[in-house]
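Spelled out, the chains give:
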Amino acid sequence: MTTGSVLLAKGVRQLTDAGVPNAPRDARRLLAHATGVDAGRLTLILPEEVTEAAEARFAAVLQRRAAREPVSHILGYREFYGRKFKVNRHVLDPRPETEILIEVALQQPYGGVIDLGTGSGCILLTLLAETEGAQGIGIDLSEDACLIAEQNAIALGLEHRAAVLRSSWFDGLQGQVDLIVSNPPYIAPVEMSDLSPEVHDFEPHMALTDGVDGLSAYREIVARAPDYLVAEGRIIFEIGPTQGAPVSQLLTAAGFGQVQVIQDLDGRDRVVCAVKPS
Ligand SMILES: C[S@@+](CC[C@H](N)C(=O)[O-])C[C@H]1O[C@@H](n2cnc3c(N)ncnc32)[C@H](O)[C@@H]1O
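None of the values given here were measured: they were computed from a predicted structure.

Lining the immediate environment of the ligand, one finds 18 residues, of which Gly-117, Asp-140, Trp-169, Asn-183 and Ala-207 sit closest. At 3.0 Å, a backbone N or O of Trp-169 approaches a nitrogen atom of the ligand. Asn-183 places a polar side-chain atom, nitrogen or oxygen, 2.8 Å from an oxygen atom of the ligand. Here the ligand, which alone exposes 600 Å², has 94% of that area covered by the protein. Assessed atom by atom at 2 Å from the grid points, the ligand resides in the largest pocket. Put simply, the parts of the chain that give the shell around the ligand at least two residues each are α7 (122–130) and α10 (205–208). Of the residues assigned to the shell around the ligand, the class counts are nine nonpolar, eight polar and one charged.

Listed below in structure tokens is the structure:
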């Protein structure tokens, strides 16, 4: 039998050799997973011997990570805005940048939410969990993504306030809400080859790119959104760093007011919000 420290050092070497960014962090998280301890308590058990079963589990997950499978897929979940969301290869991994969209949405009250391209449901479910009594619908074209969003709604006890619909954007939807949110696929096809293997090889391409120019989902959503928003209702998009100006122009041309671009912590344009005039 081997100690946790020896296994950890071996894991860091294996992941570093495979070109995994931040290999020490990932090796620690995977060793915690394999040994069944909380990641924050891993240091305490490092001097102890690890069972053969845990050592075998660690070897197996290291091999997956060395093949560049994301840690979230190996663990089966990702944290977003303080909550755990089930994820797998059918949904985009919730990103920390998307929490900025949540912060912007929370600045004003809302009662009804439409989340277009809900994926894991992380945006819709966070907004419902943060606002008591709010109700919403998450829409996704991917049947598999809808299943994950439904499972996350149940796991968070939100299934009575969150509906999930398989559809293309607003197709089949009726009624109006006071908040529309969306993080649509916004990577242009020419940019796909720049993505890391974790993203390019393991995340669904329909969650990443529109296959056109990175702006086609915004065009369609902006054109149809006024029919689904009450007067003074808000629309909030996550965008790619070069899309602040074109998405703002789309919103202004469609008659939206108070168009605002918000930056992420790195100073890059990340969110655009606007209001439907009364
Ligand atoms: C960038 S992911 C966002 C997932 C999640 N909202 C998040 O922020 O982590 C975009 C999502 O849009 C979905 N999607 C792509 N085209 C769509 C369409 N025409 N109608 C509805 N959803 C679509 C994809 O399946 C994917 O789940």
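Now, onward.
This brings us to the nonpolar core. For soluble globular proteins, nonpolar side chains are generally found buried alongside one another. By size, the foremost hydrophobic cluster in this structure holds 31 residues, and its most contacted members are Ile-114, Phe-170, Ile-180, Ile-235, Phe-237 and Leu-251. Those elements that provide at least two residues to this core are β5 (112–116), β6 (135–140), β8 (177–182), α11 (216–224), β9 (229–238), α12 (244–253) and β11 (269–275). For this core, the element with the highest residue contribution is α11, accounting for four residues. In this structure, Ile-102, Tyr-110, Leu-125 and Leu-158 belong to the second largest nonpolar core, which totals 25 residues.

Our focus in this paragraph is the domain arrangement of the protein. Many descriptions give the size of an interface as the accessible area lost when the pieces come together. Domain boundaries assigned for the protein yield domain 1 (2–67) and domain 2 (77–275). Its C-alpha centre places domain 1 at a distance of 34 Å from the equivalent point of domain 2.

Feature annotation in UniProt assigns "binding site: substrate" (unreviewed entry) to the following positions: Asn-183, Pro-184, Pro-185 and Tyr-186. Lining the largest pocket, from this annotated set, are Asn-183, Pro-184, Pro-185 and Tyr-186. Note that Asn-183 resides in the loop between β8 and α9 (197–200). Those residues in contact with Asn-183, other than ones at most four positions away along the chain, are Leu-92, Thr-98, Leu-116, Gly-117, Ile-123 and Glu-238. Secondary-structure assignment places Pro-184 in the loop between β8 and α9. Using a relative accessible area of 2% as the deciding quantity, one classes Pro-184 as buried.

Attention shifts here to the environment of Arg-166. Examined against the element boundaries, Arg-166 turns out to sit in strand β7 (residues 162–166). Among residues more than four places away in sequence, those in contact with Arg-166 are Asp-140, Leu-141, Ser-142, Glu-143 and Cys-146. Engagement of the side chain of Arg-166 in a polar contact is seen with the backbone oxygen of Leu-141, the distance being 2.8 Å.

With that out of the way, let us pick up the sheet that holds β7. The strand order across the open sheet formed by seven strands is β7-β6-β5-β8-β9-β11-β10, and the pairing between neighbours is mixed. Strand pairing shows two members of the sheet lacking a second neighbour, β7 and β10 (257–263), which therefore form its edges. Sheet twist, expressed as the average angle between the axes of neighbouring strands with direction ignored, equals 15 degrees. Across four bridges, β5 lies against β8 in parallel orientation. The partner of Asp-115 across the bridge, within β8, is Val-181. Contacts from α11 reach β5, β8 and β9, with the element oriented near 170 degrees to β9. Along the sheet, α12 makes contact with β9, β10 and β11, crossing β11 at roughly 10 degrees.

The UniProt record marks residues 98–190 with the feature "domain: Methyltransferase small" (unreviewed entry), using the residue numbering of this structure. Summarising residues 98–190: 32% helix, 24% strand, and an end-to-end C-alpha distance of 23 Å.

Running from N to C, helix α1 (residues 4–17) and helix α4 (residues 52–66) point in directions that differ by 15 degrees, and their axes come no closer than 10 Å. As summarised for this structure, α1 and α4 are arranged roughly parallel, according to the angle between their axes. Here α1 runs over α4; the crossing is right-handed. Residues Leu-7, Gly-11, Gln-14 and Leu-15 of α1 lie in contact with α4, whose contacting residues are Glu-55, Phe-58, Leu-62, Gln-63, Arg-65 and Ala-66. Looking at the contact of α1 with α4 residue by residue, the class counts come to five nonpolar, three polar and two charged.

This brings us to the layout of surface pockets. Reported here for the largest pocket is a volume of approximately 780 Å³. Around the largest pocket, the lining comprises 41 residues; the ones closest to its centre are Leu-92, Asn-183, Pro-184, Pro-185 and Ala-207. Of all elements in the fold, only α7, β6 and α10 reach the threshold of two or more residues within the lining of the largest pocket. Ranked by residue count, the leading element in the lining of the largest pocket is α10, at three residues. Per-class residue counts for the lining of the largest pocket are 22 nonpolar, eleven polar and eight charged. Reported here for the second largest pocket is a volume of approximately 450 Å³. Lining the second largest pocket are 16 residues, with Arg-25, Pro-70, Arg-78, Asp-93 and Glu-198 positioned closest to its centre. In terms of residue count, the dominant contributor to the lining of the second largest pocket is helix α2 (residues 23–35) (three residues). For the lining of the second largest pocket, the per-class residue count stands at four nonpolar, three polar and nine charged. Among the domains, domain 1 (2–67) and domain 2 (77–275) are the pair contributing at least three residues each to the lining of the second largest pocket.

Calculation notes
- Residues numbered from 1 in each chain as written.
- Predicted model: local features only at pLDDT ≥ 70, side-chain atom pairs only at ≥ 80, totals over all residues.
- Heavy atoms only, no water.
- Near = heavy atom within 4 Å.
- Polar contact = N/O pair within 3.5 Å; in protein donor to acceptor, adjacent residues only side chain to side chain.
- Areas by Shrake-Rupley, 256 points an atom, 1.4 Å probe, with all protein chains shown as cover.
- 1 Å grid on protein atoms, 1.4 Å probe; cavity = no way out; pocket = protein on both sides within 12 Å on 5 of 7 lines; lining within 4 Å.
- Sits in = over half its atoms within 2 Å of the grid points.
- Helix = DSSP H or I, 4+ residues; strand = E, 2+ residues; numbered from the N terminus.
- Nonpolar A, V, L, I, M, F, W, Y, C, P; charged D, E, K, R; others polar.
- Core = buried A, V, L, I, M, F, W, Y, C linked by side-chain atoms within 4.5 Å.
- Buried < 20%, exposed > 50% of the residue type's maximum accessible area, 1.4 Å probe, protein only.
- Domains from an automatic or database assignment.
- UniProt positions renumbered as here; feature names shortened; annotations may be inferred.
- Contact = heavy atoms within 4.5 Å.
- Pairing = 2+ DSSP bridges.
- Axes fitted to C-alpha atoms, helices over the stretch in contact; angles between N-to-C directions.
- Parallel < 35°, antiparallel > 145°, perpendicular 65-115°, else oblique.
- Left-handed = near helix turned anticlockwise from the far one by under 90°.
- Points joined across faces, edges and corners; volume = space filled by probe spheres on them.

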